[in-house]
Amino acid sequence: MGCGTSVATESQVNKLETDESIKSPSPALTMKAAVLIQRWYRRYMARLEIRRRYTWNIFQSIEYAGEQDQLQLSSFFTYMLDNFTQLNGNGPDLISQLLDPVIDPWLDRETCYKTISVPDSYTGPRISFPLSVSDTNALLSAFKEQQILHARYVLQLLYESKKLLKQMPNIVHLSTSYTKEITICEMYVHVRISDVSFGAGDLHGRLDDLLLIFYKNGLPSAETPYVFNGDFVDRGKKSIEVVILLFAYLLLYPDHMHLNRGNHEDHIMNLRYGFTKEVMQKYKTHGHEILQLCQDVFSLLPIATVIDAKILIVHGGISDQTDLELLNSIERHKVKSALRFPRRSLEQLDIGQSHRLGKRMRSTDSSRPSSSRSYNENHRTPSLRKRRCKLSRQDSGASSSSSSSSSSSCSSLCSPRTTSCISPQTYPSPPSMPYNVLQVPFLDSLSSVPLPSPPQQEREWKQIVDILWSDPKSQEGCSPNTFRGGGCYFGPDITQRLLHQHGLQLLIRSHECKQEGYELCHNGQVITIFSASNYYEEGSNRGAYIKLGKELVPRFYQYQVSRTTRRLTLTQRVRAAEGSALRALKEKLFAHRSELMTGFLQYDPNKTGCVSVGEWAKVLESVLRLDLPWRTLRPHLVHLTPDGSVEYQSCFEDVGPGAPLPQVTPNLAETLFRYRTDIEIIFNIIDKDHSGLISIEEFRHTWRLFSAHLGVAIDDRAIDDLARSIDFNKDGSIDFTEFLEAFRVVHKLDIKDHQLSENVDKEKYT
């Protein structure tokens, strides 16, 4: 019995050992499987990172291209205002109020708000001045509940803020000896000083980001001081609420709440990027007064902040011309817009005397080193190299200051496009002509006019442009920021020189969206901080702020406002952002269809419809100039033939026009698609009451102005026919919002999805 039991147990043990040998693979096999899994995962993550990076590049390139368009449009307005007394009888009248606005003296008096009554039916927050903590708490609660502050209180808040800001210097100096920490944030509403809190970043009208910062870091107070580094408005839907909160805390804690000016605290930028439209929609009666007062208050914001004489905080950056002493002495309120170049024309120059000086300069130019000439040539912006024109004195009476005076600094703004309605007379320039000499007609010959050194007003303007618009680069030196169209790129040597010159240790700036909310460069001497999360798309980036203590060691805090991304995997977030970026890129391709087709046909003279991948990429870059990895993006944009060629017309198959009017010719339609935003800006300038309606005559003037901006000829008869055809009720007014909506790029997949959803809904009820 005992032996039987022993045998049975022994057989069970043998069976168990056999099972274990099957279930437990050898260590070598286990390691091989782990390596395969790891390799697969790394490849998967690498592909995901590639998608994330090119998505980011698409978003950023399109954003900067929009800024270039805005700068070019602003330069054109400036050019027209400075150099022409008439454009078909109405030119400068349309834009003089925008570029040279006269602030109503009524806004400088308390009566600007006292004459406005608050009705009993108003259910929003009621505040009193001087402000108390209960007032700011009431504002916070009201804005969380989607309430709007009455125009009377908004005007009073701006009026009191203006009085306070007038007393502040251009560069504010702070000390950490009186506080624990300083927090720094950038409020780019799309988009603290603490140990000392120092928060710097763009908010761009993003109220959720501001409220999250206050929740995580604490409300502004003597114990929680803040520095907000500009770009409070535009792009987001709550810009006015962000402005109200920031200025309310500024009035409540003037020694502990600090605001720097950003490049979007600019009334011309506000026209394109949404703040103007938002204010006029929310305050239909007093919107103009609020915008005018905002414009004045924005120009009074300090330009920079210095902490413990060691850390410099500016919105954009610096240049090789940045002079903090000069910057501190500028009358900053005179620069209402950094996009408005100081007025200057050839009439200020003595042509006769310069004729003799020009001859001497030409005779000595051959002795200049070629490297010096090439340096000046290379430091012109593309717009200056391509569009610089010499106008006859009879035609223009003056020259475009924006193209002639940028040579004295690496900063730049895009010069205006050559206008077809002016018919400028151009003259060949000798190849040996130095960059600081301008060719102008004098009697029957050309005279070389040496450009004078920039006047004081121009030097001051460039200081502010560089501070608000510049970006760091990894290469040494300073060069024009041709990607944005304004300011400059500054290298590590420029940073080190400025910091050493003023005994500083660190430069903190904003102005650029970063995926992690912050970034260090220039050997840790430059920190970029960006406080608007989900800037391009839901889940596209984190926001961040910095806290600085008495030891001045920055500590970074990241966050992300999200109602949906927490439920999405990393792959789903990347896919959503990628889809949004590719949609925007396809719209860009469609808007430049004729130029792209012309480029493709140069490589396809037989009209086969196919080009090589390299030729396809070359055409896209030469037309769009977005500096994107086109070969990597190719599978998402076009189809390949079996032999590996690109079917270039497939670029446009996923997008198309909405429902353009039949009276519009194809060429005019494409112009409308491409320049829809610019047209809307010009319409909004004309539509002074922001009713959305303009007269047929104003419509004609808009097109004359805009055709001059584009440098294209648009037949007046075609414009008149179009204007009459879209005056649907024949009352002499045009609803241009509805008109522009007809020229919106539509994605065909969206149409199919919409039709499919409609069919599904019908089936439910049949």
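Residues numbered from 1 in each chain as written. Predicted model: local features only at pLDDT ≥ 70, side-chain atom pairs only at ≥ 80, totals over all residues. Heavy atoms only, no water.

Colleague: How would you explain helix α19 (residues 492-501) if you had to name every residue and give the values?
Modeller: All of the buried residues in α19 are P492, I494, T495, L498 and L499. In an axial view of α19, the angular spread of the buried residues amounts to 165°, which keeps them on one side of the axis. Relative to its buried face, α19 has exposed residues pointing more than 90 degrees away, namely H500 and Q501. Buried residues along α19 sit in contact with β7 (311-314), β12 (478-480), β13 (486-490), β14 (506-509) and β16 (526-529). (Buried < 20%, exposed > 50% of the residue type's maximum accessible area, 1.4 Å probe, protein only. Helix = DSSP H or I, 4+ residues; strand = E, 2+ residues; numbered from the N terminus. Arc of directions from axis to C-beta. Contact = heavy atoms within 4.5 Å.)

Colleague: Explain helix α22 (residues 613-624) residue by residue, including any values.
Modeller: When the terminal C-alpha atoms of α22 are compared, their 16 Å separation across 12 residues agrees well with the 16 Å that a helix rising 1.5 Å per residue should span. Among all positions of α22, only W616, A617, V619, L620, V623 and L624 are buried. Projection of α22 onto a plane perpendicular to its axis shows the buried side chains occupying an angular sector of 160°, all on one side. The secondary structure elements touched by the buried residues of α22 are α20 (570-591), α21 (593-603), β19 (610-611), α23 (630-637) and β21 (646-647). A positive phi of about 50° marks R625, the residue just after α22. (Expected span 1.5 Å × (residues − 1).)

Colleague: With reference to specific residues and values, describe the nonpolar core.
Modeller: In this structure, L149, F228, F247 and I290 are the most contacted members of the largest nonpolar core, which totals 59 residues. Looking at this core, the element that brings in the most residues is helix α8 (residues 239-252), giving 11 residues. (Core = buried A, V, L, I, M, F, W, Y, C linked by side-chain atoms within 4.5 Å.)

Colleague: Residues and numbers for the environment of K618, please.
Modeller: Among the structural elements, K618 can be located in helix α22. K618 gets classed as exposed once you look at its relative accessible area, which sits at 51%. Separated by 19 residues in the primary sequence, K618 and G599 have C-alpha atoms spaced 9.0 Å apart.

Colleague: Quick rundown of the sheet that holds β21? Include the residues and the values.
Modeller: Strand order in the open sheet formed by 3 strands is β19-β21-β20, with antiparallel pairing between adjacent strands. Among the strands making up the open sheet, the edge pair consists of β19 and β20 (639-640). The pairing of β19 with β21 spans 2 bridges and is classified as antiparallel. If you follow V611 over to β21, its bridge partner there is V646. (Pairing = 2+ DSSP bridges.)

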